[in-house]
Amino acid sequence: GALFSEDQGTLNQYPGGKAGPYVVPDGVEVIDHWAFMGCTNLTGLALPNSLTEINSRAYEGCLGLTSLVVPADVETIREAAFENCDNLTNIFFLGNAPLCENDIFGGMMTGLIPGTVYRIASASGWPDDQPGEDEYWNGLPVLVWQVSVLRVDPTSATIGPEADTLDFDVDN
């Protein structure tokens, strides 16, 4: 399985050959450098609300990821965290714009990947907050995403290609 720091607060490494989705356990605050690097068979990823930092190259080369929901408390995303995630086309942010080191999407910046960043309307720090400011963030277009979901089962959540859809199963 995955390797964690002694205090369980940092996810250090995920098994590269493991296939399917993965739910990062609650309590993890940091995804370490290269933790998921080259996990081409990782098809889904649920990040915990406790997450605050995604380190450099954490998901580099995760070709199976097509969408990702970033929790509200993520404050920092380090350089090339999502480099060469060539199929990651929809990134949904539930909070304010995190502090990002340059080129967090790496290979997506070639223009060949139609990636889009979606943010919730109440969040701040995004480029389109300021009149006349470019509506791009780290090279990807930013759109406002209206959301009011209280609880989602991360293993069954799927995000559609349309800007305003999110299909999910709700746990009562």
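Remember, predicted model here, so these are calculated numbers, not experimental data.

Draft legend 1. The packing of aromatic side chains, seen in detail. As enumerated under the stated definition, the model contains 11 aromatic pairs in all. By way of ring pairs, the aromatic residues Y14, Y22, F36, Y59, F82, F93, F105, W126 and W137 are connected into one cluster.

Draft legend 2. Region of the structure containing the nonpolar core. I31, F36, L45, Y59 and F82 are the most contacted members of the largest nonpolar core, which totals 40 residues. For L45, the residues in contact, after removing those within four places along its chain, are Y22, V24, F36, Y59, L65 and L68.

Draft legend 3. Representation of the sheet that holds strand β10 (residues 99–100) within the structure. Across the sheet, which stays open at both edges, the six strands sit in the order β1-β2-β4-β6-β8-β10 with mixed pairing between neighbours. Two strands close off the open sheet at either side, each with one partner strand: β1 (3–4) and β10. Of the strand pairs in this sheet, strand β6 (residues 53–54) and strand β8 (residues 76–77) are connected by two bridges, and their pairing is parallel. When the bridges of β8 are listed, E53 appears paired with T76.

Draft legend 4. Representation of the confidence of the model for the protein. On average, residues of the protein score 82 in pLDDT, and 76% of them reach the 70 mark or higher. Note that pLDDT drops below 50 for residues 160–172; the model gives that stretch 25 contacts with residues more than four away or on any other chain.

Draft legend 5. Geometry of the environment of D73. Following the sequence through the fold, D73 ends up in the loop between β7 (67–70) and β8. For D73 and A97, which are 24 residues apart along the polypeptide, the C-alpha to C-alpha distance reads 9.9 Å. Apart from residues no more than four positions distant in its own chain, D73 is found in contact with N49, L51 and T52.

Draft legend 6. A look at the state of the cysteines. Counting across every chain of the model gives zero disulfides. Considering cysteine sulfurs only, C62 is the nearest to C85, which forms no disulfide, with 5.0 Å between them.

Draft legend 7. Structural view of the sheet that holds strand β9 (residues 90–93). One open sheet accounts for five strands, arranged β7-β9-β11-β13-β12; its pairing is mixed. Of all strands in the sheet, those bounded by a partner on one side alone are β7 and β12 (136–137). Bridging between strand β11 (residues 116–120) and strand β13 (residues 140–145) involves four bridges; their strand directions are parallel. Within β13, the residue paired with V117 across the bridge is V142.

About the criteria used
Within each chain, residues carry numbers counting from 1 in the order of the written sequence. Side-chain atom pairs in this predicted model are given and counted only at pLDDT of 80 or more, local residue features only at pLDDT of at least 70, and totals for whole chains, interfaces and linings cover all residues. Excluded from the side-chain calculation are hydrogens and water; included are all heavy atoms of the structure. Whether two aromatic rings pair depends on their centres lying within 6.5 Å, for rings of Phe, Tyr and Trp, where Trp uses its six-membered ring; planes under 30 degrees apart make the pair stacked, over 60 edge-to-face, and the rest tilted. Throughout, nonpolar core names a set of buried Ala, Val, Leu, Ile, Met, Phe, Trp, Tyr and Cys residues whose side chains join them through atoms within 4.5 Å. Any residue under 20% of the maximum accessible area for its type is buried, any over 50% is exposed, and the rest in between are partly exposed; the area is computed with a 1.4 Å probe on protein chains only. Here a residue-residue contact requires only that any non-hydrogen atoms of the pair lie within 4.5 Å. Note on pairing: DSSP must find at least two bridges between two strands before they are called paired. Each helix is a run of DSSP H or I of at least 4 residues and each strand a run of E of at least 2, with the numbering of both proceeding from the N terminus. Along the chain, pLDDT gives the predictor's confidence residue by residue, from 0 to 100. Note on disulfides: each one is a pair of cysteine sulfur atoms within 2.5 Å.

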